[in-house]
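# Fold and contact review
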Amino acid sequence: MAYFAVNCALQAGRCFCHEPDNHFLIRGVGFDAGDVGLVNKTLGLFATIVGALLGGVLMQRLTLFRALLIFGILQGASNAGYWLLSVTDKHIYTMGAAVFLKTYAAVWVPPLLLHC
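The notes below deal with the structure included here. (Residues numbered from 1 in each chain as written. Predicted model: local features only at pLDDT ≥ 70, side-chain atom pairs only at ≥ 80, totals over all residues. Heavy atoms only, no water.)

### Some remarks on the overall build of the chain
- Per the secondary structure count, the chain includes 6 helices and 0 strands.
- When the elements of the chain are put in sequence order from the N terminus, they spell out α-α-α-α-α-α.
- Looking at the 116 residues of the chain, the share that counts as buried comes to 34%.
- Residue pairs in contact within the chain that sit at least 24 positions apart in sequence constitute 83% of those at least 6 positions apart.
- Looking at the chain as shown, the accessible area adds up to about 6900 Å², and 70% of this sits on carbon and sulfur atoms. (Helix = DSSP H or I, 4+ residues; strand = E, 2+ residues; numbered from the N terminus. Buried < 20%, exposed > 50% of the residue type's maximum accessible area, 1.4 Å probe, protein only. Contact = heavy atoms within 4.5 Å. Areas by Shrake-Rupley, 256 points an atom, 1.4 Å probe, with all protein chains shown as cover.)

Encoded structure:
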């Protein structure tokens with residue numbers, strides 16, 4: 001039951017921040033749609049590959065609780081990256097870091113669900 005509660009708490013941030021991120025980056029922060037697309041596609045693909053490979057290897061070595069804890073920290077860092085974008089001046093490097101962390105953390109979800 002504790003694993004279920006932790007997993008639900010971790011998924012809440014993902015559900016609220018996953019879909020509207022492009023809208024936030026374009027209208028909220030003021031990035032150009034081309035820049036957002038370029039960063040999302042290039043860094044998103046790289047983060048997906050790295051996250052899937054590293055996450056798969058780590059899932060074999062970690063217990064479920066530790067994997068959920070690490071995923072929660074990564075998800076929190078991802079949310080903090082978007083918060084940082086909202087309170088600082090727009091810069092492509094901070095957007096890239098936030099998008100990379102978001103995608104990297106999101107790739108860990110399928111191995112975590114299979115690990116249950």
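Moving on, there is more to tell.
### Examining helix H5 (residues 92-107)
- The end-to-end C-alpha distance of H5, which contains 16 residues, comes to 22 Å, matching closely the 22 Å that a straight helix rising 1.5 Å per residue would cover.
- Every buried residue belonging to H5 is among Met95, Gly96, Ala98, Val99, Lys102, Thr103, Tyr104, Ala105, Ala106 and Val107, and all of these are buried. (Expected span 1.5 Å × (residues − 1).)

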